[in-house]
Amino acid sequence: SQQGEEDPQALSIQEGENATMNCSYKTSINNLQWYRQNSGRGLVHLILIRSNEREKHSGRLRVTLDTSKKSSSLLITASRAADTASYFCATDAHNYGQNFVFGPGTRLSVLP
Amino acid sequence: DAGVIQSPRHEVTEMGQEVTLRCKPISGHDYLFWYRQTMMRGLELLIYFNNNVPIDDSGMPEDRFSAKMPNASFSTLKIQPSEPRDSAVYFCASTGGTANEKLFFGSGTQLSVL
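Residues numbered from 1 in each chain as written. Chains lettered and ligands numbered in written order. Predicted model: local features only at pLDDT ≥ 70, side-chain atom pairs only at ≥ 80, totals over all residues. Heavy atoms only, no water.

With respect to the interface of chain A and chain B
Note the following rule: Here a residue-residue contact requires only that any non-hydrogen atoms of the pair lie within 4.5 Å. The term buried area denotes the loss of accessible surface (1.4 Å probe radius) that occurs when two parts are joined, taken as the sum for both partners. Polar contacts here mean pairs of N or O atoms no more than 3.5 Å apart (in protein, one a potential hydrogen donor and the other a potential acceptor; neighbouring residues in sequence count only if both atoms are side-chain atoms). Helix and strand assignments follow DSSP, with helices taken as H or I runs no shorter than four residues and strands as E runs no shorter than two, numbered in order from the N terminus. Residue polarity is assigned by list, with Asp, Glu, Lys and Arg as charged and Ala, Val, Leu, Ile, Met, Phe, Trp, Tyr, Cys and Pro as nonpolar; anything else, Gly included, falls into the polar class.
Listed by partner, the interface residues are 21 residues for chain A and 18 residues for chain B. For the chain A and chain B pair, buried surface summed over both sides reaches about 1600 Å², with 48% attributable to carbon and sulfur atoms. On inspection of chain A and its partner chain B, the count reaches four residue pairs in polar contact (both at pLDDT 80 or more). Only strand E4 (31-37) and strand E5 (43-50) of chain A provide two or more residues apiece to the side of chain A that touches chain B. Here the residues of the side of chain A that touches chain B sort into seven nonpolar, 11 polar and three charged.

Re unusual backbone geometry
We count it as follows: Partly exposed residues are those whose accessible area sits between 20% and 50% of the maximum for their type, while under 20% is buried and over 50% is exposed, using a 1.4 Å probe and protein chains only.
Cis geometry marks the peptide bond from Ser7(B) to Pro8(B), where omega comes out at -5 degrees. Relative to the helices and strands, Pro8(B) is located in the loop between strand E1 (5-7) and strand E2 (10-13). Here Gln80(B) and Pro81(B) are connected by a cis peptide whose omega angle stands at -5 degrees. The residue Pro81(B) is located in the loop between strand E8 (74-79) and strand E9 (88-95) in this model. Phi is positive for Lys70(A), which is not a glycine, with a value near 50 degrees. Looking at Lys70(A), the relative accessible area reads 29%, which means it is partly exposed. Even without being glycine, Asn51(B) reaches a positive phi, approximately 50 degrees. Its place among the elements puts Asn51(B) in the loop between strand E5 (42-50) and strand E6 (53-56).

Brief notes about the packing of aromatic side chains
The criterion, for reference: Aromatic pairs are defined between Phe, Tyr and Trp rings, using the six-membered ring for Trp, whenever the two ring centres lie within 6.5 Å; interplanar angles under 30 degrees are classed as stacked, those over 60 as edge-to-face, and all others as tilted.
Applying the stated criterion across every chain, the model contains 11 aromatic pairs over all chains. Centre to centre, the rings of Phe100(A) and Phe33(B) are 5.8 Å apart; their planes meet at 65 degrees, and the pair counts as edge-to-face. Of this pair, Phe100(A) sits in the loop between strand E9 (85-91) and strand E10 (101-102) while Phe33(B) sits in strand E4 (residues 31-38), on two different chains. Each member of the pair, Phe100(A) together with Phe33(B), is buried. Every member of this aromatic cluster is reached through a ring pair, and the members are Tyr35(A), Phe100(A), Phe102(A), Tyr31(B), Phe33(B), Tyr35(B), Tyr48(B), Phe91(B) and Phe105(B).

Looking at the confidence of the model for chain A
Here is the rule we go by: Per-residue confidence from the predictor is reported as pLDDT, a score between 0 and 100.
Residue-level pLDDT values for chain A average 89, and 91% of them are 70 or greater. No element of chain A has a lower mean pLDDT than strand E1 (residues 4-7) of chain A, at 75, and none a higher one than strand E7 (residues 61-66) of chain A, at 97.

With respect to the environment of Glu6(A)
Residues and elements named next belong to chain A. In this structure, glutamate 6 sits in strand E1. For the pair glutamate 6 and serine 73, spaced 67 residues apart in the sequence, the C-alpha separation amounts to 9.1 Å. Those residues in contact with glutamate 6 that lie beyond four places of it in its chain are Asn22, Cys23, Trp34, Tyr87, Phe88, Cys89, Gly103, Pro104, Gly105 and Thr106.

Next up, the structure:
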């Protein structure tokens, strides 16, 4: 089974609103990453948070990590139509060696 | 740097044909990953290399799939013979240093097997 599971599967909001996506995982990790994928394109790295960090910011992005609950959240503030994309969390699952395991993703639609 | 370069961008082939996908990682990156993305199964890791050596190929679906990395700047993923269920987007990604850092993805190859 996949290490990361995003929630919700799909999210539709109005421009200017905040978007929150969640990720849960099963095993211990060194870090967790969030990626964005625009339709028909490759994934683009957004932010990395290490297991000893609880919160990280990058521009309009805020990521939190709760290792006790094995969960992370990605908050996009003041969303724009250009934020419309799929968002994936990825973990370095130790059970799978030195690689990355991606969740199924959250499809975000930001309506103008 | 031009980023991770994949070719072809699109490939349409008939069942039973051989398909070869190509990837040029970012210069200096010592890890290379091949992923497959479908609606049903999401993003699956097929195989990854470290310093041109295959480290984990447990995600390769079956013997019809093979991957090589003859040097640090080139990798191929071959499917022979191809089947309709192989239709997917295949991504190559690379990273430098340890594998616990961010991945840089190519634009992918959209494969359609008829």
